[in-house]
Amino acid sequence: MEFKNKKYYNLAGLLGLLGLLGFRYFESGDPAHLFYFANFAFFSSFLLGNINRELPDERWFRNSYAAARYAFFVAASAIFIIGFSAAAGGASREVVILEAVVGWNASIFTYAILFYRYERA
């Protein structure tokens, strides 16, 4: 998300509340409702909105690439765990979906937190 205005980051962050719809799984039992938990990743927009992004410079790009490098590692690890548990045959459909959601949220939050930390250092 490349928003210039902090207001849009706050609006995008509020989309994270859609993750609460994932709790409908416990009422309906439909595993498709578990994917709503992936919307919690939008809460990372609150962190990114605190960074002044109007004039990206060389340091901004360097920090972005460094944060993305670690976030990619987290995402690749999550894909490996999902594939390993699915191939082992012991994981149910719900477990595989939850692993995907946790991996997605972890990679997005890793990028946001590290980028925020690098920019503030």
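Here we summarise the structure given alongside this text.

Parameters and conventions
Residues numbered from 1 in each chain as written. Predicted model: local features only at pLDDT ≥ 70, side-chain atom pairs only at ≥ 80, totals over all residues. Heavy atoms only, no water. Core = buried A, V, L, I, M, F, W, Y, C linked by side-chain atoms within 4.5 Å. Buried < 20%, exposed > 50% of the residue type's maximum accessible area, 1.4 Å probe, protein only. Helix = DSSP H or I, 4+ residues; strand = E, 2+ residues; numbered from the N terminus. Contact = heavy atoms within 4.5 Å. Salt bridge = Lys/Arg side-chain N within 4 Å of Asp/Glu carboxyl O. Polar contact = N/O pair within 3.5 Å; in protein donor to acceptor, adjacent residues only side chain to side chain. Expected span 1.5 Å × (residues − 1).

Some words on the nonpolar core
- Residues Y9, L48, I51, W60, A66, A67, A71, Y111, A112, L114, F115 and Y118 constitute the largest nonpolar core, which totals 12 residues.
- Breaking this core down by element, the ones donating at least two residues are α4 (58-88) and α5 (93-120).
- In terms of residue count, the dominant contributor to this core is α5 (5 residues).
- If we ignore the near neighbours within four places in the chain, the residues touching A112 are S44, L47 and L48.
- With 6 residues, the next largest nonpolar core counts L34, F37, I97 and V101 among its residues.

Regarding the pattern of salt bridges
- With the rule as written, the count across this model stands at 1 salt bridge.
- Among the ionic pairs, R59 bridges to E119, the shortest N-O distance being 3.2 Å. Placement of R59 in helix α4 and of E119 in helix α5 is noted, with a sequence separation of 60 residues between them.
- According to the relative accessible area criterion, E119 is buried, its value standing at 11%.

A short note on the side chain of S64
- Structurally, S64 is set in helix α4.
- Judged by relative accessible area, which is 12%, S64 ranks as buried.
- At 3.0 Å, the side chain of S64 and the side chain of Y111 are in polar contact.

Points about α4
- In a regular helix each residue adds 1.5 Å, so 31 residues correspond to 45 Å; α4 covers 45 Å between its end C-alpha atoms and thus fits that length.
- Residues W60, N63, S64, A66, A67, A71, A78, I82 and S85 constitute the buried set of α4.
- Buried residues along α4 sit against α5.

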